[in-house]
Amino acid sequence: MKLLTCPINGTRPLSEFIFGGEYRQAPDQNTCSDAEWAAYVHNRQGAPGDKKEWWYHSPSGTWFIAERNTQTDKVARTYLLADAKKVVKESK
Amino acid sequence: MPFRLLKYALKKEHPAPRFFKAHEMPKKSYDVVIIGGGGHGLAAAYYLAKDHGISNVAVLEKGYIGGGNTGRNTAIVRSNYLTPEGVNFYDASVKIYEGLSEELDLNLFYSTRGHFTLAHTESAMRTMRWRAEVNKHVGVESRVVGPDEIAKACPQLDLSCSGQAPILGALFHAPGSIARHDGVAWGYARGADSYGAEIYQNTEVLSIDVKNGKVCGVQTNKGYIETKQVLSAVAGFTPRITEMVGLETPIVIHPLQACVTEPMKPWLDTILVSGSLHVYVSQSSRGELVMGSSLDPYEVHSTRSTLDFVEGLTSHMLDMFPFLSNVKVVRQWAGMADMTPDFAPIMGKTPIEGFYLDAGWGTWGFKATPISGKTMAQTIANDSAPDLIHTFRLSRFEDYELTGEKGAASVGH
Ligand SMILES: Cc1cc2nc3c(=O)[nH]c(=O)nc-3n(C[C@H](O)[C@H](O)[C@H](O)COP(=O)(O)OP(=O)(O)OC[C@H]3O[C@@H](n4cnc5c(N)ncnc54)[C@H](O)[C@@H]3O)c2cc1C
């Protein structure tokens with residue numbers, strides 16, 4: 001059974017989680033062009049590699065970030081978005 | 001035919017004929033380079049030569065031909081889609097398939113079985129009615145049938161699905177078929193080769209040379225090749241290729257898994273799909289039940305398979321066919337499906353001159369192999385995409401003109 005670690009509830013079976021897609025920064029909707037907005041809505045970084053993704057622990061309703069390699073399917077770490085800044089500092 | 005057989009009877013030696021020539025090294029330049037020796041790339045090479053007289057073409061395949069999704073799919077061919085554009089497109093493919101064994105002089109085991117998409121809920125029935133009406137309108141043979149007709153076609157099916165999800169009716173699609181998938185790749189390869197196209201296996205495209213917005217060549221592990229026209233037909237590898245030329249697309253890769261049982265005496269004539277139970281099944285000419293389910297739930301670029309998948313799938317199979325409980329699953333595998341948000345392909349020209357895309361085939365591209373080869377050949381020969389594939393252009397996303405194919409493609413591939 002594949003496992004994933006929820007930052008709140010600890011390590012749980014993957015079947016309790018829902019994939020929420022890549023973590024992305026939205027362009028400023030007041031200043032960006034139509035083409036930039038359409039690209040944001042539709043396009044994705046589809047090539048394999050290390051990615052920051054949204055995941056959802058469904059029994060507890062927790063959204064969090066996982067850093068995962070999409071080719072090896074290895075998860076480097078998971079954390080709440082609110083803690084993201086701390087993680088960046090630690091890794092420096 | 002009888003004469004050829006007679007000749008073999010009299011001869012002492014029977015060497016297996018090669019399907020295509022093994023060339024040493026690619027030439028310095030080609031008119032067209034096709035990346036990917038799956039069914040789509042090979043069919044494009046075949047029709048470029050046959051329909052347009054363009055045979056100075058190299059097909060570059062990093063592994064062996066048909067080793068990608070072409071040799072991994074569950075081989076279902078149908079045209080009972082939801083949008084008129086989709087139905088027309090896939091119907092054109094079915095029509096080519098019907099005569100393809102003859103045309104390629106290779107038995108593709110093309111077998112028309114009839115295809116039932118089972119509905120277990122009122123809302124599913126509504127989609128079936130909708131699809132039936134669109135199909136009939138375009139001239140494709142589909143109709144809504146009740147449980148009686150399903151029971152007649154497949155008496156082994158438990159219509160109550162173990163009481164879990166009683167079947168209310170189905171969309172019946174008479175032309176639904178299965179074929180031998182690797183045969184399709186081999187047949188097109190032999191055809192393309194006979195017209196002079198060159199096929200290179202173990203040849204990987206490492207980068208694409210673009211100058212001033214125009215393609216001028218490709219770098220491979222066997223050296224540099226000059227060309228002004230490149231077709232990318234690499235299915236699950238598409239994002240890696242589009243990244244080489246700096247092109248953004250909505251394509252993401254999810255594994256799609258399948259499995260087969262041990263062979264049995266023939267008992268299942270039709271192809272059955274259940275969206276609610278996430279399962280579809282047919283019986284191959286070898287007697288195995290070929291089964292698949294919906295897409296894996298998250299992005300992975302690999303062909304690993306999982307126990308979760310077989311467990312989920314077989315439990316639903318047993319809801320439909322309780323008598324299979326002693327039958328063994330003997331093989332399982334996965335392919336990498338290049339998914340688009342609207343469950344339709346991305347075909348045609350791109351903002352880069354000379355770079356053509358045949359991608360976004362996700363879980364549904366095997367049935368489209370002949371028509372995509374034909375229309376991509378047309379697109380390359382005329383540097384302009386035919387009307388039949390206009391809906392599938394890459395720029396539809398920028399124009400917010402997505403197709404609405406999800407209701408017909410998400411479980412039944
Ligand atoms: C389990 C499963 C079940 C399916 N069931 C059905 C079905 O029932 N009906 C249906 O219509 N469709 C089905 N599909 C979808 C269908 O298989 C694919 O859409 C179709 O086969 C795509 O064909 P292709 O020729 O475009 O790609 P592929 O056959 O994947 O060929 C692409 C080739 O490109 C090569 N390549 C990649 N990168 C490079 C490079 N850099 N240089 C050189 N070569 C490269 C790869 O090695 C590969 O051989 C299914 C798919 C899967 C995985």
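That block above? That's the structure.
Residues numbered from 1 in each chain as written. Chains lettered and ligands numbered in written order. Predicted model: local features only at pLDDT ≥ 70, side-chain atom pairs only at ≥ 80, totals over all residues. Heavy atoms only, no water.

Focus: the overall build of chain B
Okay, step 1: What chain B contains, in helices and strands, is 11 helices and 20 strands.
Okay, step 2: For a compact globule of 413 residues, the expected C-alpha radius of gyration is about 22 Å, and chain B comes in at 22 Å, within 12% of that figure.
Okay, step 3: On the principal axes, the C-alpha backbone points of chain B span a range of 65 × 65 × 40 Å.
Okay, step 4: The long-range share in chain B, meaning contacts at least 24 apart out of those at least 6 apart in sequence, stands at 76%.
Okay, step 5: For chain B, the exposed surface amounts to about 17100 Å²; the carbon and sulfur share of it is 53%.
Okay, step 6: The centroid of the 38 positive side-chain charges in chain B is displaced by 6 Å from the centroid of its 43 negative side-chain charges. (Helix = DSSP H or I, 4+ residues; strand = E, 2+ residues; numbered from the N terminus. Rg over C-alpha atoms; globule rule 2.2 N^0.38 Å. Contact = heavy atoms within 4.5 Å. Areas by Shrake-Rupley, 256 points an atom, 1.4 Å probe, with all protein chains shown as cover. Lys, Arg positive; Asp, Glu negative; His and termini not counted. Charge placed at Lys NZ, Arg CZ, Asp CG, Glu CD.)

Digging into the pairing of strand 11 (residues 214–220) of chain B
All names here are of chain B.
Okay, step 1: As defined by bridge partners, strand 10 (residues 205–211) adjoins strand 11 across 6 bridges and the pair is classed as antiparallel. Following the sheet pairing, valine 205 is matched in strand 11 by threonine 220.
Okay, step 2: The loop that links strand 10 with its antiparallel partner strand 11 comprises 2 residues; one of these, asparagine 212, has a positive phi angle of about 50°.
Okay, step 3: Sheet topology places strand 11 next to strand 12 (residues 223–226); 4 bridges connect them, and they run antiparallel. Pairing of glycine 217 across the sheet is with glutamate 226, part of strand 12. (Pairing = 2+ DSSP bridges.)

Topic: the sheet that holds strand 3 (residues 17–22) of chain A
All names here are of chain A.
Okay, step 1: Here 4 strands make up an open sheet; going across it, the order is 3-4-5-6 and the pairing antiparallel. Strands with a single pairing partner mark the edges of an open sheet, and in this sheet they are strand 3 and strand 6 (75–79). This sheet shows a mean twist of 30° between the axes of neighbouring strands, independent of strand direction.
Okay, step 2: Alignment of strand 5 (residues 62–69) against strand 6, held across 4 bridges, turns out to be antiparallel. Within strand 6, the residue paired with arginine 68 across the bridge is valine 75. (Axes fitted to C-alpha atoms, helices over the stretch in contact; angles between N-to-C directions.)

A look at the interface of chain A and chain B
Okay, step 1: The interface is formed by 22 residues belonging to chain A together with 21 residues belonging to chain B.
Okay, step 2: Between chain A and chain B, a total of about 1700 Å² is buried, with carbon and sulfur atoms accounting for 54% of that surface.
Okay, step 3: Its largest share of buried area at the contact with chain B, chain A owes to His42, Asn43 and Gly46 of chain A, together 29% of the area lost on that side.
Okay, step 4: Applying the counting rule to chain A against chain B returns 1 salt bridge.
Okay, step 5: For lysine 51 of chain A, the salt bridge goes to glutamate 299 of chain B, with nearest N and O atoms at 2.9 Å.
Okay, step 6: Counting the contacts that link chain A with chain B gives 8 residue pairs in polar contact (both at pLDDT 80 or more).
Okay, step 7: When contributions to the side of chain A that touches chain B are tallied by element, the ones reaching two or more residues are helix 1 (34–42) and strand 4 (50–57) of chain A.
Okay, step 8: Per-element accounting of the side of chain A that touches chain B gives the leading share, 6 residues, to helix 1 of chain A.
Okay, step 9: When grouped by side-chain class, the residues that make up the side of chain A that touches chain B number 10 nonpolar, 6 polar and 6 charged. (Buried area = accessible area lost by both parts, 1.4 Å probe. Salt bridge = Lys/Arg side-chain N within 4 Å of Asp/Glu carboxyl O. Polar contact = N/O pair within 3.5 Å; in protein donor to acceptor, adjacent residues only side chain to side chain. Nonpolar A, V, L, I, M, F, W, Y, C, P; charged D, E, K, R; others polar.)

Some thoughts on unusual backbone geometry
Residue and element names in this part refer to chain B.
Okay, step 1: A positive phi angle is found at alanine 75, which is not glycine, with a value near 65°.
Okay, step 2: Looking at the secondary structure, you find alanine 75 in the loop between strand 2 (57–60) and strand 3 (76–77).
Okay, step 3: You can call alanine 75 buried: its relative accessible area is 8%.
Okay, step 4: Unusually for a residue other than glycine, serine 162 sits at a positive phi of about 55°. (Buried < 20%, exposed > 50% of the residue type's maximum accessible area, 1.4 Å probe, protein only.)

That is the geometry; function is a separate question.
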